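# Structural features, examined
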2 protein chains.
Amino acid sequence: LFRSEHVFMSNDRFPTEEEQFEIYRGIVERMNGLPIVIRTFDIGADKQIANHNLPKEINPYLGCRAIRFLLREPSIFRAQLRAILRASLFGNVSLMFPMISSLSELLEAKALVKETRKELESEGLKLEPMRIGCMIEVPSAALISDLLAKECDFLSIGTNDLVQYALAVDRDNHMMSSLYSPTHPSVLRLIKIIVTEANRHGIPVTVCGEIASDPRFTPLLLGLGVHELSVAARYIPIVKNAIRNTSIVAASLLADKAMSLSTADEIDQLLNEEYKHNVPEDCIYNF
Amino acid sequence: LFRSEHVFMSNDRFPTEEEQFEIYRGIVERMNGLPIVIRTFDIGADKQIANHNLPKEINPYLGCRAIRFLLREPSIFRAQLRAILRASLFGNVSLMFPMISSLSELLEAKALVKETRKELESEGLKLEPMRIGCMIEVPSAALISDLLAKECDFLSIGTNDLVQYALAVDRDNHMMSSLYSPTHPSVLRLIKIIVTEANRHGIPVTVCGEIASDPRFTPLLLGLGVHELSVAARYIPIVKNAIRNTSIVAASLLADKAMSLSTADEIDQLLNEEYKHNVPEDCIYNF
């Protein structure tokens, strides 16, 4: 996963198509044919752009972020899509839209990709088909994941934001941190819905966010039907170890048991006990 | 429904238990034995209290609001509960908690009611049992409405906030108003879940918020199984008229059709057509 907003967060302006193309091509080439997902700009809210005059919002997390920003600024979006499509010639690139909340948004974004592709083809480029997916991080998207799955080649569950919106708890608000519960039963139910629909439509689904890198969640996620985790590099060993120390049967039973519980605390405790049982030697996550 | 925060929004401090008791008793007595629901303080976010030092929040709609505030300020919550319980002796009072997002919050609030009730009884008051319900306005609550229904005597769907959180769109942010869609399929699905669970547990469920007063939504809500609407007084005639101009069979077919559509625009159009068909003489909602 390449979070494209990183190309200019330190910059004071949007990079041009050419500048972006050079950056994306460099990254794609370094992948040496391995698949890479480029996520379009996830900006707004906590990721503000200097010198770009977005109006100040009272609730930025419920405001003009990510795909919402891009669809309102088609010239910026087009430049990025052109740069990504051009870079796709140099490797195995997929495209992902952040913060999709409705089917209309996804279709609008896909239409713009199609247009941009035609434009580039009329300029003489021979483009391969590119896989397109979307982040599921808004409850409305999770609840219509059947409709989105039909229009996507893959889904990616952004659990950090999904928890934030499902529970209506700002994840950066320290006063409310006790209410930010990734083990809330509603979160498990949403993940279950998304994974079930993705599997039913035969497309892959990845789990991102902090819980993907937390080994206590690993058997639960496997048990819910998740086959792909997006893990920060330094957590790969510990998550791999958690996978090796469970069976798919045990994981499935654990998920069933977790889904039958009523509160985040109970589920939290269940995951802790299971982890202690599976990986007793770990002294970081066992406390 | 009595929105208790109205007793002091113009004031510069929290009213005492005595002051609240006098206000609630006055209102309860004026109901002359008719049922009244008193909702505990729904403050924070857009309803700030002058002179009460709540820390400034970056996303107040995702912050310390309503029940969250009350559970952190037990002395304020207790004073309000005591005043409401005392006023309940003068009529038919139910109690409702706003912004519940988990079962734990509901149980904590109910425990405080129980404690307060015992306290008052030890002071010599003879209290009748009081019905307790909660607002469903956070997606996580909607998704666990089966668990909440078991612990409540009634539910009330706060659609304005529910739409806001489900779609992650600040309803006061004019720049984002095109994204604030009460007809988003996910909203219909959430309402359906809540209503189904309330009916299954044999407790009443009310729909509040703007769509409850919008006659184009009336047949849809009836068709989804809703039996009670909380309507602003001036909309009662127009909503009554909408109810009279549909049948429960037609409403149920309409709901099925709406549930099969994929976008807010399609559902919007369906509701408009149905309303034009049912109430062609209305020139306010037909355009």
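Residues numbered from 1 in each chain as written. Chains lettered and ligands numbered in written order. Predicted model: local features only at pLDDT ≥ 70, side-chain atom pairs only at ≥ 80, totals over all residues. Heavy atoms only, no water.

## Considering the packing of aromatic side chains
Residues and elements named next belong to chain A.
- One pass over the full model with this rule turns up twelve aromatic pairs over all chains.
- Note on Phe2 and Tyr24: the rings are 6.2 Å apart at their centroids and 75° apart in plane angle, and the pair reads as edge-to-face. With a gap of 22 residues between them, Phe2 in strand β1 (residues 2-3) and Tyr24 in helix α1 (residues 17-30) connect regions that are remote in the sequence. Taken as a pair, Phe2 and Tyr24 share a single burial class, namely buried.
- Ring pairing ties together the aromatic residues Phe14, Phe41 and Phe69, which thus form one cluster.
- The aromatic ring of Phe90 is capped on one face by Arg25, whose charged end is 5.3 Å from the ring centroid. (Phe/Tyr/Trp six-rings, centres within 6.5 Å; stacked < 30°, edge-to-face > 60°. Helix = DSSP H or I, 4+ residues; strand = E, 2+ residues; numbered from the N terminus. Buried < 20%, exposed > 50% of the residue type's maximum accessible area, 1.4 Å probe, protein only. Lys NZ or Arg CZ within 6 Å of the ring centre and 35° of its normal.)

## Re the environment of Leu70 of chain B
Residues and elements named next belong to chain B.
- Within the fold, Leu70 resides in helix α2 (residues 66-72).
- For Leu70, a relative accessible area of 0% gives the class buried.
- Expressed as a C-alpha distance, the spacing of Leu70 and Leu179, which sit 109 residues apart in the sequence, is 31 Å.
- When near neighbours in sequence (up to four residues on either side) are disregarded, Leu70 contacts Thr40, Phe41, Ile76, Phe77 and Gln80. (Contact = heavy atoms within 4.5 Å.)

## Here we look at the confidence of the model for chain A
- For chain A, per-residue confidence averages 93 on the pLDDT scale, and residues scoring 70 or more make up 96% of the total.
- Across the interface, the model reports ipTM at 0.94; the global pTM reads 0.95. (pLDDT = per-residue confidence, 0-100.)

## A look at the state of the cysteines
- This model, assessed by the stated rule, comprises zero disulfides over all chains.
- Counting only cysteine sulfurs, Cys134 of chain B is the nearest neighbor of Cys64 of chain B, a cysteine outside any disulfide, at a range of 18 Å. (Disulfide = S-S within 2.5 Å.)

## What about the packing of helix α7 (residues 159-167) of chain A against helix α8 (residues 185-200) of chain A?
All names here are of chain A.
- At a minimum axis separation of 10 Å, α7 and α8 run at an interaxial angle of 125°. By the angle class used here, α7 and α8 are oblique. Both α7 and α8 take part in a crossing whose hand is right-handed. Of α8, the residues touching α7 (which contributes Thr159, Leu162, Val163, Ala166 and Leu167) are Ser186, Val187, Leu190, Ile191 and Ile194. (Axes fitted to C-alpha atoms, helices over the stretch in contact; angles between N-to-C directions. Parallel < 35°, antiparallel > 145°, perpendicular 65-115°, else oblique. Left-handed = near helix turned anticlockwise from the far one by under 90°.)

## Side note on the layout of surface pockets
- Of the voids in this model, the largest pocket is the one considered here, and its volume is about 720 Å³.
- Lining the largest pocket are 34 residues, with Asn160, Arg171, Cys208, Gly209 and Glu210 of chain B sitting closest to its centre.
- Residue composition of the lining of the largest pocket, by class: twelve nonpolar, seven polar and 15 charged.
- Estimates place the volume of the second largest pocket at around 480 Å³.
- Tallying contributions element by element places α7 of chain A first for the lining of the second largest pocket, with three residues.
- Split by residue class, the lining of the second largest pocket holds five nonpolar, seven polar and ten charged. (1 Å grid on protein atoms, 1.4 Å probe; cavity = no way out; pocket = protein on both sides within 12 Å on 5 of 7 lines; lining within 4 Å. Points joined across faces, edges and corners; volume = space filled by probe spheres on them. Nonpolar A, V, L, I, M, F, W, Y, C, P; charged D, E, K, R; others polar.)

## Points about the relation of the copies chain A and chain B
- Superposing chain A onto chain B requires a rotation of 180° together with a translation of 0.0 Å along the rotation axis, leaving an RMSD of 0.0 Å. Classification of the inter-copy transformation places it as that of a two-fold axis. Rotation axis and chain A: the residue whose C-alpha lies nearest the axis is Asn59 of chain A, separated from it by 2.2 Å.
- The fraction of interface residues of chain A whose copies in chain B are also interface residues reaches 100%, indicating that both copies meet through the same surface. (Least-squares fit on C-alpha atoms with pLDDT ≥ 70 in both.)

## Re helix α1 (residues 17-30) of chain B
Residues and elements named next belong to chain B.
- For α1, spanning 14 residues, the distance from its first C-alpha to its last is 20 Å, which sits close to the expected 20 Å at 1.5 Å a residue.
- Three or more residues of α1 are buried, namely Glu17, Gln20, Phe21, Tyr24, Ile27 and Val28. With its buried residues spanning 135° around the axis, α1 presents them on a single face.
- Contacts from the buried residues of α1 go to β1 (2-3), β2 (35-39), α3 (74-87) and β3 (92-97).
- Of the residues flanking the end of α1, it is Asn32, one or two places downstream, whose phi is positive at about 55°. (Expected span 1.5 Å × (residues − 1). Arc of directions from axis to C-beta.)

## Concerning α8 of chain A
Residue and element names in this part refer to chain A.
- Its 16 residues place the ends of α8 22 Å apart at the C-alpha level, agreeing with the 22 Å of an ideal helix rising 1.5 Å per residue.
- Among the residues of α8, Pro185, Ser186, Val187, Leu188, Arg189, Leu190, Ile191, Ile194, Val195, Glu197 and Ala198 are the ones counted as buried.
- Positive backbone phi, at 65°, marks Gly202, one or two positions downstream of α8.

## Remarks on the sheet that holds strand β2 (residues 35-39) of chain A
Residue and element names in this part refer to chain A.
- Strand order in the open sheet made by the seven strands is β1-β2-β3-β4-β5-β6-β7, with parallel pairing throughout. The sheet is open, and its two borders are formed by β1 and β7 (228-229), each paired with just one other strand.
- Of the strand pairs in this sheet, strand β5 (residues 154-158) and strand β6 (residues 205-208) are connected by four bridges, and their pairing is parallel. Across the sheet, the residue bridging to Ser156 is Thr206, located in β6.
- Docked against the sheet, helix α3 (residues 74-87) engages β2 and β3 (92-97), running at close to 160° with respect to β3.
- On the sheet, helix α4 (residues 103-122) packs against β3 and β4 (131-136) and is oriented at approximately 140° with respect to β3. (Pairing = 2+ DSSP bridges.)

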